[in-house]
Amino acid sequence: MREGGNAIEAMIAVAATLAVVYPHMNGIGGDNFWVIRAPSGQVRAIEACGYAGSHATIERYAKLELEAIPPRGPQAVLTVPGAVGGWAMAAQMSRDMGGRLPLDMLLHHAIEAAAAGHRVGASEARYTVKEEPEVLASPFFTETFFIDGQKPVAGALRRMPTLANTLCQLAKAGLDDFYRGDVGREMAADLERAGTSITRTDLSAYRAIERPPMSARIKGCTIYMPPPPSQGFAGLVMLGIMDALDVPARDGAAQAHAFIESAKRANTLRDRVVTEYERMPEDIESYLSKAHFAREAAQIDRGRAAPWPLPPPADGDTVWAGAIDKTGLSVSLIQSLFWEYGSGVVLPRTGVLMQNRGLSFSLDAAALNALKPGRKPFHSLHAPLAVFDDGRVVSYGSMGGEAQPQVAAQNFIRYAALGFSPRAALDHPRLLFTRAWKAERATVKAEGRNDPAMLAALRRLGHEVEEHVLPYADSFGHAGMLVRHANGMIEADHDPRADGGAAGH
């Protein structure tokens, strides 16, 4: 921005840098979604998620005698990475709006961080890796991310020369090279050698897609989300039901109960209808009306928790980032590898860490999200952006896998309905209704600083509450929020649970 760049260009630079310095949460081998509001008021969405490779078939796993898709290793590498395609489409939108910064400038910090080295973040150092033996067994993983054969501690200097070379090539040849040039050719050779489902043809055919964003009206504002396969739909339904419930604007058990019950109903609907954009089983726009929100709200018992048969969660880790510039151009961006470090598979010639987003597919041919070449999986990612009737624009979001909409919705409700500042909303202790990894059932998870009297009231309403000891816990999301006021003033803050921050020029 100091060099005259706009909010989209800032987000491309951030996305590229985060792909280097935060590899447990995202990378260029993953996907992203964007919601962009132009100064004119037009809102656009970018779907940059990849499809299943040509060899990704249910029959393939049957021959391997696997009853489920493995979460790690080459057989977890099912989908083409869409993130770089998202950068490319965003860059074109930026140019259409007058953006002029060259690609080598946008990728400069990422290249420098990979080549000269970057300090390992506190979040990565403390993170517990699921399926760790399988991750460490992946060739080139430890030599890429470990230092002297050991898991790095926070603050250690780490270099990634192979990834730096790849980013340099993209800066010189253009982002298209990732799919249809030298980088794509090297990736395809490594993917074939590793025995994955993705071919050179799959890579060369990929392009991000612009989609019309979904939206919903609640009191005083319109909220925008990327459409399916993003689970932004659940975030809209959740906020719509909360709006229809019209709970008194104060923090406490009534607000928390309404939030938990709204999350249950939103997630039930999400699991029934959300699949890739072209294969939606029904018109989901009908579920984003005030009439539907009112019907859902009417089925919530304000004095009792509803039972909940939660399906296996789409567990995952992610980065969210946002930017607003002096013209009012506003961006909400989410980028991910799905599980921490994705599949664990590092491609040796390019240093690309591949995602495991294909875990969202089912090996049941009759399932809504059944595995098939060319299909896109259900996505836990969502990138919200709200436009208020009084002229405010709010870009906000969070990591958090299946619970992302809950984290983001809590922060937004506290800002929009309860009058919290962005800093206070992000700092406030959170609740999540979800099933922990490998747990048998869903419960209400409460961060350590929650009011004991409020938690006791939730238990009396029939909620099973698990209290976490930590006052600020990674599992409750890494969130952020920017607000542009009608007079042009911008305020922003980032989650104290994370290594991120907010900055202005």
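For the structure itself, consult the block above.
Asker: Lay out the overall build of the chain with the relevant residues and their values.
Answerer: A count of helices and strands for the chain gives 18 helices and 18 strands. Reported as C-alpha extents along the three principal axes, the dimensions of the chain are approximately 60 × 55 × 45 Å. Looking at the chain as a whole, 61% of its 505 residues qualify as buried. If you take every contact in the chain between residues at least 6 apart in sequence, the share linking residues at least 24 apart comes to 71%. Of the roughly 19200 Å² of accessible surface on the chain, 52% is carried by carbon and sulfur atoms. Positive and negative side-chain charges of the chain, numbering 52 and 56 respectively, have mean locations separated by a distance of 2 Å.

Asker: Can you explain the packing of helix α14 (residues 253-273) against helix α18 (residues 452-460)? Please cite residues and give values.
Answerer: The relative placement of two packed helices comes down to the angle between their axes together with the axis-to-axis distance. At a minimum axis distance of 9 Å, the contact between α14 and α18 shows a crossing angle of 50 degrees. Taken together, α14 and α18 sit at an angle that is classed as oblique. Handedness of the α14/α18 crossing: right-handed. Every residue of α18 that contacts α14 at A253, A256, H257 and I260 is listed here: M454, A457 and L458. Of the residues that constitute the contact of α14 with α18, the class distribution is six nonpolar, one polar and no charged.

Asker: Any chance you could break down the sheet that holds strand β17 (residues 479-484) for me, citing the residues and the numbers?
Answerer: The six strands are arranged β6-β7-β12-β13-β17-β18 in an open sheet whose pairing can be described as antiparallel. The open sheet terminates on both sides in strands that have one partner only, identified here as β6 (214-218) and β18 (490-494). This sheet shows a mean twist of 15 degrees between the axes of neighbouring strands, independent of strand direction. Bridge count for strand β7 (residues 221-225) against strand β12 (residues 385-388) is four bridges, and the pairing is antiparallel. When the bridges of β12 are listed, I223 appears paired with A386. Contacts between helix α13 (residues 232-245) and the sheet are confined to β6, β7 and β13 (393-398), with β6 contributing the most and set at about 10 degrees to the helix.

Asker: Before we move on, could you go through the nonpolar core and cite the residues and values that matter?
Answerer: In terms of nonpolar packing, the biggest core is built from 63 residues, with V20, W34, W87 and F178 touching the most fellow members. Counting residues per element, this core draws most heavily on helix α1 (residues 7-21), at nine residues. The contacts of W34, once residues within four sequence positions are left out, are I8, M11, I12, R44, A45, I46, G86, W87, A90, V331, S332 and L333. Formed by 62 residues, the second largest nonpolar core is a distinct cluster that contains A216, V273, Y287 and W308.

Asker: Talk me through the pairing of strand β1 (residues 31-37); I want residue IDs and the actual numbers.
Answerer: The buried count for β1 comes to seven of seven residues, which makes it a mostly enclosed element. Of the two faces of β1, the one lined by D31, F33, V35 and R37 and the one lined by N32, W34 and I36 are each fully buried. As judged from the seven bridges shared by β1 and strand β9 (residues 330-338), these two strands associate in the antiparallel manner. Bridging across to β9, I36 finds its partner in V331. Linking two consecutive strands that pair antiparallel, namely β1 and strand β2 (residues 43-48), is a turn of five residues; a positive phi of about 100 degrees is found at G41 within it.

Asker: Help me get a handle on the environment of D474, residues and values and all.
Answerer: Summarising the element assignment, D474 is placed in the loop between β16 (465-467) and β17. The sequence separation of D474 and P102 amounts to 372 residues, and the corresponding C-alpha distance is 36 Å. The contacts of D474, once residues within four sequence positions are left out, are S123, R126, Y127, M399 and R497. Within polar-contact distance, the side chain of D474 engages the side chain of R126 at 2.6 Å.

Asker: Talk me through the pairing of strand β14 (residues 431-434); I want residue IDs and the actual numbers.
Answerer: Covered by surrounding structure in β14 are L431 and F433 together with L432 and T434, the residues of both alternating faces. Relative to strand β15 (residues 443-446), β14 runs antiparallel, the two sharing four bridges. By the bridge assignment, F433 is partnered in β15 with V444.

Asker: Account for the sheet that holds β15, naming residues and giving values.
Answerer: Ordered in space as β14-β15-β16, the three strands form an open sheet in which the pairing is mixed. At either end of the open sheet lies a strand with only one pairing partner, and these are β14 and β16. For this sheet the average axis-to-axis angle between neighbouring strands, irrespective of direction, equals 25 degrees. One ladder, built from three bridges, connects β15 with β16; its direction is parallel. Looking at the pairing, A446 lines up with E467 of β16. Each of β14, β15 and β16 is contacted by α18, which is oriented at about 155 degrees to β16, the strand it contacts most.

Reading guide: rules and limits
- Residues numbered from 1 in each chain as written.
- Predicted model: local features only at pLDDT ≥ 70, side-chain atom pairs only at ≥ 80, totals over all residues.
- Heavy atoms only, no water.
- Helix = DSSP H or I, 4+ residues; strand = E, 2+ residues; numbered from the N terminus.
- Buried < 20%, exposed > 50% of the residue type's maximum accessible area, 1.4 Å probe, protein only.
- Contact = heavy atoms within 4.5 Å.
- Areas by Shrake-Rupley, 256 points an atom, 1.4 Å probe, with all protein chains shown as cover.
- Lys, Arg positive; Asp, Glu negative; His and termini not counted.
- Charge placed at Lys NZ, Arg CZ, Asp CG, Glu CD.
- Axes fitted to C-alpha atoms, helices over the stretch in contact; angles between N-to-C directions.
- Parallel < 35°, antiparallel > 145°, perpendicular 65-115°, else oblique.
- Left-handed = near helix turned anticlockwise from the far one by under 90°.
- Nonpolar A, V, L, I, M, F, W, Y, C, P; charged D, E, K, R; others polar.
- Pairing = 2+ DSSP bridges.
- Core = buried A, V, L, I, M, F, W, Y, C linked by side-chain atoms within 4.5 Å.
- Polar contact = N/O pair within 3.5 Å; in protein donor to acceptor, adjacent residues only side chain to side chain.

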